[in-house]
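Now for the letters of each chain:
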Amino acid sequence: MQIRRLREGRGYSLEELAERGGLSFRGLIYIEHGQRSPSALTLLNKKPYLNRT
């Protein structure tokens with residue numbers, strides 16, 4: 001999923017992004033593997049950490 005690519009491109013570990021974004025570690029894994037769909041609010045909360053600029 002694109003979230004993983006962006007996370008890795010920014011140098012964040014799963015643990016770090018989960019903590020910064022207010023998600024559980026396990027929840028982020030499920031989202032990255034396509035087993036759960038994040039809500040729009042969750043995606044907006046992650047945007048500052050995954051911004052490509």
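Computed from a predicted structure; not experimentally measured.

About the cut-offs
Within every chain, residues take consecutive numbers counted from 1 along the sequence as written. Local features in this predicted model are restricted to residues whose pLDDT is 70 or higher, and side-chain atom pairs enter the listing and the counts only when it is 80 or higher, whereas totals over whole chains, interfaces and linings include all residues. Processing note: side-chain calculations cover all non-hydrogen atoms of the structure and skip hydrogens and water entirely. We define a salt bridge as a side-chain nitrogen of Lys or Arg found within 4 Å of a carboxyl oxygen belonging to Asp or Glu. Segments assigned H or I by DSSP are reported as helices when at least four residues long, segments assigned E as strands when at least two residues long, and all are numbered from the N terminus. The cut-offs for exposure are 20% and 50% of the maximum accessible area for each residue type, with area from a 1.4 Å probe on protein chains only; residues under the lower value are buried, those over the upper are exposed, and the others partly exposed. Residues grouped as a nonpolar core are buried Ala, Val, Leu, Ile, Met, Phe, Trp, Tyr and Cys residues, joined through side-chain atoms within 4.5 Å.

Quick look at the pattern of salt bridges
Next up, step 1: For the coordinates displayed, the defined rule picks out 4 salt bridges.
Next up, step 2: The partner of E8 in a salt bridge is R4, with the nearest N and O atoms 3.1 Å apart. With a gap of 4 residues between them, E8 and R4 both fall in helix α1 (residues 2-10), about one helical turn apart.
Next up, step 3: A salt bridge links E8 to R7; the shortest N-O distance between them is 3.8 Å.
Next up, step 4: Of the residues examined, E8 reaches a relative accessible area of 44% and is grouped as partly exposed.
Next up, step 5: With relative accessibility at 7%, the residue R7 sits in the buried group.

Quick word on the nonpolar core
Next up, step 1: Counting 8 residues, the largest nonpolar core consists of I3, Y12, L14, L17, A18, L28, I29 and I31.
Next up, step 2: Of all the elements in the fold, those that place two or more residues in this core are α2 (14-21) and α3 (25-32).

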